[in-house]
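Given next are the chains, with one letter for each unit.
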Amino acid sequence: MQRFSALSTRLAALLCSLAGLLILAGCSLNIEGKQSALDPKGPVAQNQYDIFIITLIVTVFLFITVGGALGWTMWKFRLRKGDDPRYIPPQTHGHPLIEIGLVAGSAALLVVIAIPTFGGILLKKNVPLHLVEDAIEVNVVGYQWWWAFEYPEHGFYTANEFVIPAGRAVKLNLRTRDVLHSFWVPKLAGKVDLIAGQTNFMWIKADEPGYFYGQCAEFCGDSHAYMLFRVIAKPEAEYRRWVRDQQRQTANLNPDTGPLYAPLLARDQWAYPEDKVLRGAEVFARACASCHSLNPASQTNGPNLAHFATRTTIAAGWMENEPDELFRWIREPDKVKPGNFMWTGFLRYNPETRTREVEMAGLDYYDLSDNEIEAVVAYLYTLR
Ligand code: CUA
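Residues numbered from 1 in each chain as written. Predicted model: local features only at pLDDT ≥ 70, side-chain atom pairs only at ≥ 80, totals over all residues. Heavy atoms only, no water.

Q: Give me helix H5 (residues 236–247): which residues, what numbers.
A: For H5, with twelve residues, the first-to-last C-alpha span of 17 Å sits near the 16 Å given by 1.5 Å per residue. Among all positions of H5, only Tyr239, Trp242, Val243 and Gln246 are buried. Within H5, the buried residues cover an arc of 100° as seen down the axis, which keeps them to one side. What points out from H5, more than 90 degrees from its buried face, is the exposed set Ala237 and Arg244. Contacts from the buried residues of H5 go to strand E1 (136–143), strand E2 (146–151), strand E3 (156–159), strand E4 (161–165) and strand E10 (228–234). (Helix = DSSP H or I, 4+ residues; strand = E, 2+ residues; numbered from the N terminus. Expected span 1.5 Å × (residues − 1). Buried < 20%, exposed > 50% of the residue type's maximum accessible area, 1.4 Å probe, protein only. Arc of directions from axis to C-beta. Contact = heavy atoms within 4.5 Å.)

In structure tokens, the structure reads:
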């Protein structure tokens, strides 16, 4: 009985530590999970998945043959009853056939892994010829802790959600405005780092329309874990409509033609009372506009919000784009995403006074009332 309980304690400890390991590694056993690299949906991810499977087969084969030979030897030549424990069997040294065979076998296995790996490196570096003609180009810039996407061929910016045409290759030029980040959409391609002072290249293609989850995969400060994004692959016609929509202005940016930032959406389509929306535009002008551009053609310190109401998420993919969530995000951004600049603003070190001075104020400084925040929420949902 005692022996049994000792065994079950050990077993329980083993299971607990295995479960702990899975949790620590953030593992999900769901292969089709949101961010599973084991569920490729495009050629780059498929190629990397294939290389993974080949490598896995080779290493499992090695594990079984080497581990099996070791186990069999240990079992066959174990110390038996009556054996003299001090006896050392005659030692042999060198067996040309076995030694050459093992070296050649190991080399052959490495070649089996190396050929598809080199193929994968080449694929990753350049869009294949049959896809290059139709390819679009997007400039990706990482900021602490969000993403800017520029469509240079169409002259607009968007943030944290980027739409691509399904079935076409997308060339990505990756840059960072501050520290290291890493661009990762597991179902479309492996991660590529964004490194200061250089432009890194990658390309992706979604075979079918879909909604893909992306994540910064390089530790980049306080809110690294909240630096998410989405890739939305749309059918060709829908993509073209989306591009035309994104090029439109959604707020009045010319004070000569009416109140600054007044929404351009027809009034009967506003989901909130008129006075609230217009008050929101005023608050936006005072507290938000210095960081958030409403002109789709320009990028400032914060995410471009020209088409805010058309996005599915807010706070760089961390929350759903819903009024309650948006209210909370504007009210206490420091609690939603610790360290973020929407709250603290941007500081600059002044060497003369040896202090850090506010260069651009954050919401901590403006201290908006709940009424003002509600007005901004109402206003933002007219930007579609
Ligand atoms: Cu950006 Cu981690």
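Q: Residue-level account of the pattern of salt bridges, with values.
A: On inspection of all chains with the given rule, the structure shows 14 salt bridges. Between Lys205 and Asp207 there is a salt bridge; the shortest N-O distance is 2.8 Å. Between Glu332 and Lys335 there is a salt bridge, with its nearest N and O atoms 3.9 Å apart. Glu332 sits in the partly exposed class, given a relative accessible area of 23%. One network of salt bridges, with partners in common, ties together Asp39, Lys41 and Lys187. (Salt bridge = Lys/Arg side-chain N within 4 Å of Asp/Glu carboxyl O.)

Q: Give me the packing of helix H6 (residues 274–288) against helix H11 (residues 370–380): which residues, what numbers.
A: The contact between H6 and H11 brings their axes to 7 Å, and the two run at 100°. As far as their axial angle goes, H11 and H6 are roughly perpendicular. For the pair formed by H6 and H11, the contact residues are Lys276, Val277, Arg279, Gly280, Ala281, Val283, Phe284 and Arg286 on the first element and Asn371, Glu372, Glu374, Ala375, Val376, Ala378, Tyr379 and Leu380 on the second. Tallied by class, residues from the contact of H6 with H11 come to nine nonpolar, two polar and five charged. (Axes fitted to C-alpha atoms, helices over the stretch in contact; angles between N-to-C directions. Parallel < 35°, antiparallel > 145°, perpendicular 65-115°, else oblique. Nonpolar A, V, L, I, M, F, W, Y, C, P; charged D, E, K, R; others polar.)

Q: Would you mind going over the sheet that holds E4 in detail, with residue names and values included?
A: Here five strands make up an open sheet; going across it, the order is E4-E10-E9-E6-E7 and the pairing mixed. Both outer strands of the open sheet, E4 and strand E7 (189–194), are each paired with one neighbouring strand and no more. Strand-to-strand twist of the sheet, defined as the mean angle between neighbouring strand axes without regard to direction, takes the value 20°. Of the pairings in the sheet, the one linking strand E6 (residues 181–185) to strand E9 (residues 210–216) comprises two bridges and is antiparallel in character. Bridged to Trp184 within E9 is Gln215. Running at roughly 135° to E4, H5 makes contact with E4 and E10 of the sheet. (Pairing = 2+ DSSP bridges.)

Q: Let's hear about H6: which residues, and what values?
A: In this model H6 runs 20 Å from its N-terminal to its C-terminal C-alpha over 15 residues, within 8% of the 21 Å that 1.5 Å per residue would give. Taken together, the buried positions of H6 are occupied by Val277, Gly280, Ala281, Val283, Phe284, Ala287 and Cys288. Buried residues belonging to H6 abut helix H10 (363–366) and H11.

Q: Give a description of the pairing of strand E14 (residues 355–360) that names residues and reports values.
A: Of the strand pairs in this sheet, strand E13 (residues 346–350) and E14 are connected by five bridges, and their pairing is antiparallel. Within E14, the residue paired with Asn350 across the bridge is Thr355.

Q: For the nonpolar core, give the residues involved together with the corresponding values.
A: Formed by 41 residues in total, the largest nonpolar core has its most connected members in Tyr151, Phe162, Leu172, Phe183 and Ile204. Counting residues in each nonpolar core, the second largest holds 33 residues, with Phe284, Ala315, Leu363 and Leu368 among its members. (Core = buried A, V, L, I, M, F, W, Y, C linked by side-chain atoms within 4.5 Å.)

Q: I'd like a description of the packing of helix H2 (residues 43–76) against helix H3 (residues 96–125), backed by residues and values.
A: At their nearest, the axes of H2 and H3 sit 10 Å apart, and the two run at 170° to each other. As judged from the angle between their axes, H2 and H3 are roughly antiparallel. Here H2 runs over H3; the crossing is left-handed. Between H2 and H3, the contacting residues are Pro43, Val44, Asn47, Gln48, Ile51, Ile54, Thr55, Val58, Phe61 and Leu62 on the first element and Leu109, Val112, Ile113, Pro116, Thr117, Gly120, Leu123 and Lys124 on the second. (Left-handed = near helix turned anticlockwise from the far one by under 90°.)

Q: Talk me through the packing of aromatic side chains; I want residue IDs and the actual numbers.
A: What the rule picks out here adds up to 19 aromatic pairs. Here the aromatic rings of Tyr239 and Trp242 are separated by 6.3 Å at their centres, their planes lie at 25°, and the arrangement is stacked. Within this pair, Tyr239 and its partner Trp242 are both found in helix H5, separated by three residues, close to a single helical turn. We classify Tyr239 as buried; its relative accessible area is 3%. Trp242 gets classed as buried once you look at its relative accessible area, which sits at 12%. Joined through ring pairs, the aromatic side chains of Trp147, Phe149, Phe162, Phe183 and Phe229 make up one cluster. Directly above the ring of Phe77 sits Lys76, whose terminal nitrogen or CZ lies 5.8 Å from the centroid. The side chain of Lys191 reaches across the aromatic face of Trp184, ending 4.3 Å from its centre. (Phe/Tyr/Trp six-rings, centres within 6.5 Å; stacked < 30°, edge-to-face > 60°. Lys NZ or Arg CZ within 6 Å of the ring centre and 35° of its normal.)

So far we have only geometry, and geometry alone does not tell us how the molecule works.
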